[in-house]
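As a plain string of letters, each chain reads:
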Amino acid sequence: MNEDIRIHSWHCSYYLDTSKQWVSGRLSLTPVAIRFTADKSGELLVNFHLSSISEIKKESSNLIFSSLTILEKNTKHWFSSLQPSRNVVFNILEHFWREQLLSSQGAGAEAAALQSTKGKELTGLLTGSQKRLEDTAKVLHYQGEQFDNIMKGLNKIEGDMDVADRLLTELESPSWWPFSSKLWKAPLETKPKETATVSDSKNQEGILIRIPVIITHRTDSNVKPGKLTLFASGLEISDCNSQVIHRFETKDVDDIRVHTPYEISVRQRFIGKPDTSYRLLSAKMPEAIPILEMQFSKKIQFLEDALGFVGARKSPQVDLGTSIWQAATGLLGGVVQPGSPVGGREGMDNDQVQLEKQEKISQEEAKELKQILKKLKGLALETEAELERQDEALDCITTSVDRATLNIDKQNRRIKKLT
């Protein structure tokens, strides 16, 4: 992720201790740093890492200005006249600072990551692929359940059509026909069974991802922390106490705009009344965007500031589908037979020669990679089988709908004759 992406910027004043005066300018937040640039000179007066902050507070200066103070190492930075409001800026800065602190528990791992072996790199890539495939499987499973419910509904319709057909036959038969009473009893027997089947397909569904967010509803002045939860059937916005603010079913969402890799807006349009729209900002948003992209592929729109993120995420990913398996299996082969090069030297390109020169992966890493590859293969087969099943279900649904429409037309004609 590009560390120079500007997540947000606000017009404010900064107290410059050297000249003992307030300087107007812009306070900017990037994924890893806070910066302040003076308006007149364009000089960068403040630039420090989020991890170096020890405290963010709301305070008042000597002149009773409402201010925001950031304690960075032993230096206290004062910001005032914050627009649109001090609370908005405080909530956003505190959110990103806390998330940085949580992730910096892995900061030691960051240094280790620079020296990590190719095995660890591959393990990370493969576990990421596994997570995406698991999310896809969950969405497909939910869609499969929807198809099953549709099939149940169509079966119920067919049952009702049979009952209607019998009743019409009863009405069409002459008054002296001796079996009329038996025909009337059939619907009474079927009704209790039908009501029993309708009751139970509702609540249980898995959570794909849950992340902390800063929520803006229509106006920028009303900003509060909360959570975004993605389900296979839609998304849910809740406050810090897990009280649901709004739930969007998949069909309710009209568009999702990705403003930056860290900020999205979700909207449902209405005719004759205001749209329901929420703007969500989160340090964890890059983890949620690929799932949103998969779920709302036709409704998601990447704006100009987010296009770099899409390119950065997709271009390596294009190679990932083909190269990740080759690289993983190649390296595993190298561990099993360290002496013999994989695939022969003649067809080796520069990348493969380079790969061979790198460190060999350990036996433990090889085992872990094999296990992940096994899981990925199993998930891929399950996903393929589920897609085939859904294709068959769609065919059944279309034939059932066609059959039902024909039956309805026939029964309409029969009813017209009777009237």
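Just above, that's the structure.
What comes next concerns the included structure. All of these numbers come straight from a predicted model, not from anything done at the bench.

Structural notes on the pairing of strand β1 (residues 8-16)
Right, so step 1: Across nine bridges, the pairing between β1 and strand β2 (residues 21-29) is antiparallel. When the sheet's bridge partners are listed, H11 is paired in β2 with R26.
Right, so step 2: Between β1 and the antiparallel strand that follows it, β2, lie four residues; K20 among them carries a positive phi value of about 55°.
Right, so step 3: Across two bridges, β1 lies against strand β7 (residues 75-80) in antiparallel orientation. Directly across from S13, in β7, lies its bridge partner S80.

Remarks on the nonpolar core
Right, so step 1: Within the largest apolar cluster, 28 residues are counted, with the highest numbers of intra-cluster contacts made by L27, L29, I34 and L93.
Right, so step 2: Mapped by element, the contributors of at least two residues to this core are β1, β2, β3 (33-38), β4 (44-49), β5 (53-60), β6 (66-72) and α1 (86-103).
Right, so step 3: Inspection of this core shows a minimum of three residues originating in each of domain 1 (8-103) and domain 2 (207-308).
Right, so step 4: Those residues in contact with I34, other than ones at most four positions away along the chain, are L27, S28, L29, V46, N47, F48, L50, I53, I70 and L93.
Right, so step 5: Counting 26 residues, the second-largest nonpolar core is a separate cluster that includes I209, Y278, F296 and I300.

Considering the side chain of S282
Right, so step 1: Structurally, S282 can be placed in the loop between β14 (276-281) and α5 (285-295).
Right, so step 2: The class for S282 is buried, based on a relative accessible area of 0%.
Right, so step 3: At a separation of 2.6 Å, a polar atom in the side chain of S282 contacts the main-chain carbonyl oxygen of P212.
Right, so step 4: Ignoring any residue separated from it by four or fewer positions in sequence, one finds S282 in contact with H95, F96, I211, P212, V213 and Y262.

Concerning the sheet that holds strand β13 (residues 263-268)
Right, so step 1: Strands sit in the order β11-β10-β9-β8-β14-β13-β12-β15 across an open sheet of eight strands; the sheet is mixed. Two strands in the sheet have a free side with no partner beyond their single neighbour: β11 (244-249) and β15 (300-302). Averaged over all pairs of adjacent strands, the angle between strand axes in this sheet comes to 30°, irrespective of strand direction.
Right, so step 2: In this sheet, β14 lies alongside β13 in antiparallel orientation, the contact comprising six bridges. Among the inter-strand pairings, Q268 is bridged to a residue of β14, identified as T276.
Right, so step 3: This element, α1, spans β8 (207-217), β9 (223-231) and β14 of the sheet and lies at about 155° to β8.

A word on the packing of aromatic side chains
Two descriptors summarise a pair of aromatic rings, namely the distance from one centre to the other and the angle between the planes of the rings.
Right, so step 1: Under the defined criterion, the tally for this structure stands at six aromatic pairs.
Right, so step 2: Here the aromatic residues Y14, F36 and F79 are joined through ring pairs into a cluster of three or more.
Right, so step 3: Taking the ring centre of F231 as reference, the NZ or CZ of R247 above it sits at 4.7 Å.
Right, so step 4: The ring of F270 has K273 lying over it, and the distance from NZ or CZ to the ring centre is 4.4 Å.

Remarks on the sheet that holds β6
Right, so step 1: With respect to topology, seven strands assemble into an open sheet ordered β4-β3-β2-β1-β7-β6-β5, the strand pairing being antiparallel. Across the chains shown, the open sheet's two edge strands, defined by having one partner strand only, are β4 and β5. Within the sheet, the average angular offset between the axes of one strand and its neighbour, ignoring direction, is 30°.
Right, so step 2: In this fold α1 packs onto β1, β2, β3, β4, β5 and β6, with an angle of close to 165° to the strand it touches most, β5.

Description of the environment of T30
Right, so step 1: With respect to the helices and strands, the residue T30 is situated in the loop between β2 and β3.
Right, so step 2: For T30 and I7, which are 23 residues apart along the polypeptide, the C-alpha to C-alpha distance reads 5.3 Å.

Quick word on unusual backbone geometry
Right, so step 1: Backbone torsion omega between Q83 and P84 reads 10°, so that peptide bond is classified as cis.
Right, so step 2: Within the secondary structure, P84 sits in the loop between β7 and α1.
Right, so step 3: A positive phi angle, near 55°, is found at K20, a position not held by glycine.
Right, so step 4: Assignment of secondary structure puts K20 in the loop between β1 and β2.
Right, so step 5: The exposure class of K20 is exposed, given its relative accessible area of 55%.

Cut-offs applied
Residues numbered from 1 in each chain as written. Predicted model: local features only at pLDDT ≥ 70, side-chain atom pairs only at ≥ 80, totals over all residues. Heavy atoms only, no water. Pairing = 2+ DSSP bridges. Helix = DSSP H or I, 4+ residues; strand = E, 2+ residues; numbered from the N terminus. Core = buried A, V, L, I, M, F, W, Y, C linked by side-chain atoms within 4.5 Å. Buried < 20%, exposed > 50% of the residue type's maximum accessible area, 1.4 Å probe, protein only. Domains from an automatic or database assignment. Contact = heavy atoms within 4.5 Å. Polar contact = N/O pair within 3.5 Å; in protein donor to acceptor, adjacent residues only side chain to side chain. Axes fitted to C-alpha atoms, helices over the stretch in contact; angles between N-to-C directions. Phe/Tyr/Trp six-rings, centres within 6.5 Å; stacked < 30°, edge-to-face > 60°. Lys NZ or Arg CZ within 6 Å of the ring centre and 35° of its normal.

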